[in-house]
Amino acid sequence: MLLAQEAKPVLGVLAQGQVADFVVVLLLGIFIWVLISRARTGRKIPEIKKIAGLEAVDEAIGRATEMGRPVDFIPGIQSIDEPQTLAALGMISHVAKQCARYDTRFLALTCDPLPYAVIEEITRQAYLEEGRPDAFNPDDVRFLSAEQFAFTSSVIGIFERERPAANIMVGSFYAESMILAETGSFQGMIQIGGTANTHQLPFFVAACDYALIGEEIYAASAYLSKEPVLYGTVVGQDWLKMLVWLIILVGSVMATVAPDNTWLKDLLQL
Amino acid sequence: MEKLMKIDRRIIYIIGVCVVVFTMLYPIGLPVKISDLARQTYAAVENLPDGSLVIISPMYDAGAMGELHPMFTVFFYHAAKRGYKIVVVNTSWVQGPQLVHPIAEEIAKEFGLVYGEDWINLGSKPGGSVFLQAAVTDLWGAALTDYTNRPIASFPIMNRVPKITAEFVNACLVLDCGTPGAPTWLTYVNEPENIPLIVGEIQMSVPENMPYVASGQYKGMIAGSRGCAEYELLVGRPGKAIKAQDTMSSIALLITLFIVLGNIGYLTTKKK
Amino acid sequence: MNLSTNPGIWAQAICILAVYTYLYKDNPIWRFAETTYLGLATAYWFVFYFHNYIVVFVKDNVMQNGEWHYILAIILGLMIFFRYVPSLAWLARYPMSFWVGFGTGYVLGFAPAVWLTQVRTSFIALNSVENVLIVIGILATLTYFFFTIAKENPVVGGIAEVGKWYIMIALGSAFGNTVLYRWNLFLSRANTIIVDWLGVTP
């Protein structure tokens with residue numbers, strides 16, 4: 001992608017029209033690399049502030065424990081190369097550990113074989129870290145179907161038959177979000193929903209007890225896991241967002257006071 | 001007032017079903033005003049150069065065909081009417097090309113288009129964004145066969161399009177209901193290759209995709225069933241979307257009523 | 001009324017009605033539909049993957065065209081099955097790592113061009129109420145998603161609060177659109193039952 005084939009390359013290697021893209025990726029990479037290195041060596045990096053509703057995860061597990069019913073986790077319906085699925089994996093580890101600690105049954109329901117394999121590993125590891133490897137049941141991490149609505153109908157079936165008390169849905173959701181959230185709501189589950197797919201968010205906001213909006217799922221994952229790589233990544237992205245904020249402000253002011261001066265626009269188009 | 005917040009959902013369903021069935025069987029024929037967005041979208045297809053080649057990509061399956069079938073119909077009809085060459089292909093959504101094939105055949109017959117010369121259905125190709133990126137450099141190598149598994153080398157239309165670049169393709173018309181979808185085409189094909197992208201979006205995805213229209217990255221967008229009804233009027237082929245508008249307007253009114261009632265109940269209970 | 005004689009339409013209609021019985025409550029008819037659909041989907045995907053991946057890559061690419069490098073990818077993919085052999089389960093992590101790394105790199109190679117265009121087109125002159133509202137909306141919403149700045153700070157908190165309102169309005173709009181979309185789906189199913197199956201003409 002970065003190697004020019006026909007257009008005259010910039011600096012010998014970068015294709016025209018992709019210099020700004022490359023600089024942005026490089027900048028983000030540097031931010032993240034610096035922050036991860038600092039976090040790993042225990043040096044100070046900006047702290048991720050508490051996200052409203054995140055305590056609800058522990059509250060939901062607590063309630064399921066009291067009721068003696070399972071907690072289920074659905075990491076969206078997309079594969080392992082989807083960033084939202086990766087964010088869900090960070091949370092699953094925390095939820096599985098809490099469930100192992102309180103001896104609460106943990107169900108993970110997946111729609112793609114790759115996250116299924118990874119989640120089984122993560123859950124096994126979580127039970128091991130809590131000193132309860134014997135309590136881990138591989139049959140509770142399930143791959144149901146790669147077909148969206150076949151997956152959805154089997155999740156509804158599991159909701160009906162196994163009656164989880166808490167339903168945590170974090171990841172990339174589509175049309176199934178409303179069906180799942182509505183079913184959970186009618187069964188009186190405590191529900192936490194989070195996705196960056198804006199068209200599905202309203203249903204999580206309406207039908208779940210707590211909703212993580214858009215990018216909050218990435219921050220939540222880092223906040224809960226305290227994992228330096230995730231933590232550094234979220235802070236690095238925050239810095240880039242602040243830079244973009246500033247660029248948009250300057251760009252708009254320039255478009256107002258000096259509409260003919262387009263150097264900033266041209267710079268981003270390099 | 002508390003009762004307003006606790007209406008049994010089954011009552012809501014029954015009222016909704018009655019409204020749908022009644023308006024379907026006894027249409028009122030409410031007027032449909034054509035929006036600027038529909039005109040922009042129509043113009044984007046209409047004003048392509050004569051003899052253009054367009055790709056129509058039905059990136060959907062049976063779940064979304066209620067809204068997207070009428071959009072495929074108007075796009076295909078419009079392209080056929082203008083005499084463009086048409087390549088139907090998608091990736092990942094396996095059912096899409098199978099579902100649209102009878103519609104394409106019917107319209108092709110209407111305009112006397114010959115399969116393999118004027119239009120072709122390459123079917124669904126696995127790979128998502130990887131397929132799209134491969135098709136940019138070598139569509140023949142990435143697609144290999146058409147919908148019926150015949151080698152694409154045997155179809156004259158394919159001589160016009162060895163790869164999906166601006167040199168060979170004048171526009172991509174993508175019908176989108178999820179991922180991969182129109183933004184995937186934009187990222188891997190249309191933005192890097194500078195090919196106009198015109199999309200058909202299910203109603204649900206309209207707000208999310210509006211920024212792409214505002215930024216000019218989508219040259220046009222059929223916005224849900226309503227947008228499709230407007231396009232049907234513009235292209236002069238009233239179809240399923242226009243028929244659905246009475247029902248959709250009535251349902252919109254009904255849902256608004258339920259939301260107002262629910263909120264009255266909520267606010268009154270909150271005051272207590 | 002002119003009842004359809006097409007078995008395909010009958011199958012469609014029966015399945016639609018069986019699924020809709022769930023709207024009343026969980027029942028055996030719905031469970032039958034659920035399990036049938038799950039089984040059908042599993043079989044469908046198995047056949048699809050077999051013909052579109054295994055046959056194409058092994059028969060066409062490798063055996064017919066002699067593109068032997070595909071074998072490396074096939075071996076890498078098959079390594080995922082090592083997870084069923086406890087002592088060698090660690091080998092299953094390699095294809096996974098490769099896939100995550102490839103996916104991330106691939107996205108990073110293409111995505112910035114799309115959103116940098118969005119950033120560029122956000123440079124709009126603040127010369128109308130509409131434009132001012134758009135720029136305020138973009139900046140306030142971005143502020144809402146700053147995770148390292150405390151929202152207790154009155155300036156940041158105030159801007160983030162405005163952002164929250166913008167988000168809620170956007171979600172309201174999305175909600176309305178999605179509800180209408182769902183009803184439109186129902187309309188097309190109702191059309192299958194009433195027009196295609198029962199043969200009632202509007």
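Values in this document were obtained by computation on a predicted structure and should not be read as measured data.

Some points on the interface of chain C and chain A
Listed by partner, the interface residues are 49 residues for chain C and 65 residues for chain A. In total, chain C and chain A occlude about 5,300 Å² of area from one another, counting both sides; carbon and sulfur atoms represent 72% of this. In terms of surface lost to chain A, no three residues of chain C exceed C:Phe123, C:Phe147 and C:Thr148, which account for 15% of the buried area on that side. Summed over the shared surface of chain C and chain A, the result is 2 salt bridges. C:Arg93 is the salt-bridge partner of A:Glu121, the closest N and O atoms lying 3.1 Å from each other.

Here's the deal with the pattern of salt bridges
Where side chains of opposite charge bring their charged atoms close, a pairing between them can arise. Residue and element names in this part refer to chain A. Applying the stated criterion to the full structure yields 22 salt bridges over all chains. Residue Asp103 is joined to Arg132 by a salt bridge in which the shortest nitrogen-to-oxygen separation is 3.0 Å. Note that Asp103 is positioned in the loop between helix H3 (83-102) and strand E2 (106-110) and Arg132 in the loop between helix H4 (113-129) and strand E3 (141-143), a separation of 29 residues in sequence. For Asp103, a relative accessible area of 56% translates into the label exposed.

Section: the interface of chain B and chain C
Contact with chain B, which involves 45 residues of that partner, is made by 40 residues of chain C. Taking both partners together, chain B and chain C bury about 3,700 Å²; carbon and sulfur atoms supply 71% of that area. If you sort the residues of chain B by the area they bury against chain C, B:Met24, B:Val94 and B:Met204 come out on top, with a joint share of 16%. One can count 0 salt bridges joining chain B with chain C. The interface formed by chain B and chain C holds 8 residue pairs in polar contact (both at pLDDT 80 or more) in total. For the side of chain B that touches chain C, the elements supplying multiple residues, two or more each, are helix H2 (9-25), helix H4 (65-81), helix H6 (129-137), helix H8 (182-193), helix H9 (206-214) and helix H11 (240-271) of chain B. Sorting elements by how many residues they give to the side of chain B that touches chain C places H2(B) first, with 9 residues. Class assignment for the residues of the side of chain B that touches chain C results in 26 nonpolar, 15 polar and 4 charged.

Looking at the sheet that holds strand E6 (residues 220-223) of chain B
All names here are of chain B. Strand order in the open sheet formed by 6 strands is E3-E2-E1-E4-E5-E6, and the pairing between neighbours is parallel. For this open sheet the edge positions go to strand E3 (119-125) and E6, each flanked by a neighbour on one side alone. Across the sheet, the mean angle from the axis of one strand to that of its neighbour is 15 degrees, orientation sign disregarded. In this sheet, strand E4 (residues 171-176) lies alongside strand E1 (residues 53-59) in parallel orientation, the contact comprising 6 bridges. Paired with Ile55 across the two strands is Cys172, which belongs to E4. Helix H3 (residues 36-46) contacts E4, strand E5 (197-201) and E6 of the sheet and is inclined by roughly 130 degrees relative to E6. Sheet strands touched by helix H5 (residues 96-111): E1, strand E2 (85-91) and E3. Its angle to E3, the strand with the most contacts, is close to 175 degrees.

Examining the packing of H8(B) against helix H4 (residues 93-120) of chain C
Relative to each other, H8(B) and H4(C) sit at 65 degrees, their axes nearing to 9 Å. By crossing handedness, the relation of H8(B) to H4(C) is classed as left-handed. Contact with H8(B), carried on its side by B:Leu186, B:Thr187, B:Tyr188, B:Glu191 and B:Pro192, involves C:Tyr106, C:Val107, C:Phe110, C:Ala111, C:Ala113, C:Val114 and C:Thr117 of H4(C) and no other residues of that element. A class-by-class count of the residues in the contact of H8(B) with H4(C) yields 9 nonpolar, 2 polar and 1 charged.

Comments concerning the packing of H6(B) against H8(B)
All names here are of chain B. Here H6 crosses H8 at 20 degrees, and the two axes come no closer than 9 Å. Classified by the angle their axes make, H6 and H8 are roughly parallel. Two packed elements cross with a definite hand, and for H6 against H8 that hand is right-handed. In this structure, H6 contributes Ser129, Leu132, Gln133 and Val136 to the contact, and H8 contributes Thr184, Trp185, Tyr188, Val189 and Glu193. In the contact of H6 with H8, the residues fall into 5 nonpolar, 3 polar and 1 charged.

Quick notes on the nonpolar core
B:Phe72 and B:Trp185 are the most contacted members of the largest nonpolar core, which has 86 residues in total. With 10 residues, H4(B) is the single largest residue contributor to this core. The next biggest cluster of nonpolar side chains, apart from the first, holds 59 residues, and it includes A:Val71, A:Ala166, A:Ile217 and A:Tyr231.

Definitions and limits used
Residues numbered from 1 in each chain as written. Chains lettered and ligands numbered in written order. Predicted model: local features only at pLDDT ≥ 70, side-chain atom pairs only at ≥ 80, totals over all residues. Heavy atoms only, no water. Contact = heavy atoms within 4.5 Å. Buried area = accessible area lost by both parts, 1.4 Å probe. Salt bridge = Lys/Arg side-chain N within 4 Å of Asp/Glu carboxyl O. Helix = DSSP H or I, 4+ residues; strand = E, 2+ residues; numbered from the N terminus. Buried < 20%, exposed > 50% of the residue type's maximum accessible area, 1.4 Å probe, protein only. Polar contact = N/O pair within 3.5 Å; in protein donor to acceptor, adjacent residues only side chain to side chain. Nonpolar A, V, L, I, M, F, W, Y, C, P; charged D, E, K, R; others polar. Pairing = 2+ DSSP bridges. Axes fitted to C-alpha atoms, helices over the stretch in contact; angles between N-to-C directions. Left-handed = near helix turned anticlockwise from the far one by under 90°. Parallel < 35°, antiparallel > 145°, perpendicular 65-115°, else oblique. Core = buried A, V, L, I, M, F, W, Y, C linked by side-chain atoms within 4.5 Å.

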